Amino acid sequence: YNGEMVMFGGGSGSNTYSDDVWTLNLTTYTWTQLTTTGTKPDARHSISSILYNEQMVVFGGYSGSEYLNDVWILNLTTYVWTEITTTGTKPNGLQGHTSVVYDGQMVVFGGHDGNLKNDVWTLDLTSYAWTQVTTTGTKPSARTRHSSILYNGKMVMFGGVGHSRYNDAWTLDLTSYAWTQLTTN
């Protein structure tokens, strides 16, 4: 955002988790810890976040003792945190999931809530209503720690860990919600 990568949370590997916000200037490669206001989210790791309307939207993560399914917004102009009250049936608390923003919605795939997941959820970023999406086509195996990007109206997902380490790539068309496994070289 504005030439900076914004990061929230994380862990040190010794069961110590963070609720800090840091930026990395993408020109000077200088790290800066931000001072935020408002009630901030509990420390956690393995969240997903997206950029929407000058805000970082954060979903889920793991606190060290529980899988979280809360939604928080950090205004990237004022650095004020706000917890969002959502409606509809929400996903279980997740860690290691991914999300992209498309057509005013946060699209969430996979993760782990004590069990591996391969379902898709959307959060409308105006009404804050959750919807579990019914997809078509063969689904990817349930997984966590994968990567996803948005490209040409599709969520492109790669790899991750499940019952094995995955080296596969998939697309989810975000209009039809049809999965397609990609053949790669």
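Quick caveat, the model's predicted, so the values are computed rather than measured. (Residues numbered from 1 in each chain as written. Predicted model: local features only at pLDDT ≥ 70, side-chain atom pairs only at ≥ 80, totals over all residues. Heavy atoms only, no water.)

**A word on the sheet that holds strand β6 (residues 67–75)**
The antiparallel open sheet is built from 4 strands, whose spatial order is β4-β5-β6-β7. Where the open sheet ends on each side, the last strands, each with one partner, are β4 (48–52) and β7 (81–84). For this sheet the average axis-to-axis angle between neighbouring strands, irrespective of direction, equals 25°. Bridging between strand β5 (residues 55–62) and β6 involves 7 bridges; their strand directions are antiparallel. (Pairing = 2+ DSSP bridges. Helix = DSSP H or I, 4+ residues; strand = E, 2+ residues; numbered from the N terminus. Axes fitted to C-alpha atoms, helices over the stretch in contact; angles between N-to-C directions.)

**Remarks on the nonpolar core**
Formed by 15 residues in total, the largest nonpolar core has its most connected members in V57 and M106. Sorting the residues of this core by element identifies β4, β5, β6, β9 (105–112) and β10 (116–124) as the ones contributing at least two each. Other than its neighbours up to four places away in sequence, V57 contacts S48, S49, I50, Y52, V71, W72, I73, M106 and L125. Among the nonpolar cores identified, the runner-up in size contains 12 residues, and V107, V120, V133 and L172 belong to it. (Core = buried A, V, L, I, M, F, W, Y, C linked by side-chain atoms within 4.5 Å. Buried < 20%, exposed > 50% of the residue type's maximum accessible area, 1.4 Å probe, protein only. Contact = heavy atoms within 4.5 Å.)

**Points about the layout of surface pockets**
Its volume calculated, the largest pocket comes out at about 360 Å³. Lining the largest pocket are 18 residues, with V6, M7, F8, S49 and M56 sitting closest to its centre. Where the lining of the largest pocket is concerned, the elements lending two or more residues are β1 (4–8), β4 and β8 (98–102). Of the residues assigned to the lining of the largest pocket, the class counts are 10 nonpolar, 8 polar and no charged. (1 Å grid on protein atoms, 1.4 Å probe; cavity = no way out; pocket = protein on both sides within 12 Å on 5 of 7 lines; lining within 4 Å. Points joined across faces, edges and corners; volume = space filled by probe spheres on them. Nonpolar A, V, L, I, M, F, W, Y, C, P; charged D, E, K, R; others polar.)

**Details of the sheet that holds strand β2 (residues 21–25)**
Taken in spatial order, the 3 strands make up an open sheet running β1-β2-β3, and their pairing is antiparallel. The sheet is open, and its two borders are formed by β1 and β3 (31–33), each paired with just one other strand. Mean inter-strand twist for the sheet, computed between neighbouring axes without regard to direction, equals 25°. Looking at chain direction, β1 and β2 are connected through 5 bridges and run antiparallel. Within β2, the position partnered with M5 by the bridge is L24.

**Overview of the packing of aromatic side chains**
Considering all chains together, one arrives at 7 aromatic pairs under this definition. Aromatic pair F109 and W179: ring centres 5.1 Å apart, planes at 65°, arrangement edge-to-face. Of this pair, F109 sits in strand β9 while W179 sits in strand β15 (residues 179–181), and the two are 70 residues apart along the sequence. Across the pair, exposure class does not vary: F109 and W179 are buried alike. (Phe/Tyr/Trp six-rings, centres within 6.5 Å; stacked < 30°, edge-to-face > 60°.)

**A short note on the pattern of salt bridges**
For the coordinates displayed, the defined rule picks out 4 salt bridges. Here D70 and R44 are joined by a salt bridge, their closest N and O atoms 2.6 Å apart. On the criterion of sequence distance, the pair formed by D70 in strand β6 and R44 in the loop between β3 and β4 is long-range, its members being 26 residues apart. In terms of burial, D70 and R44 fall into one category: buried. (Salt bridge = Lys/Arg side-chain N within 4 Å of Asp/Glu carboxyl O.)

Purely spatial values, then, with no claim about function.
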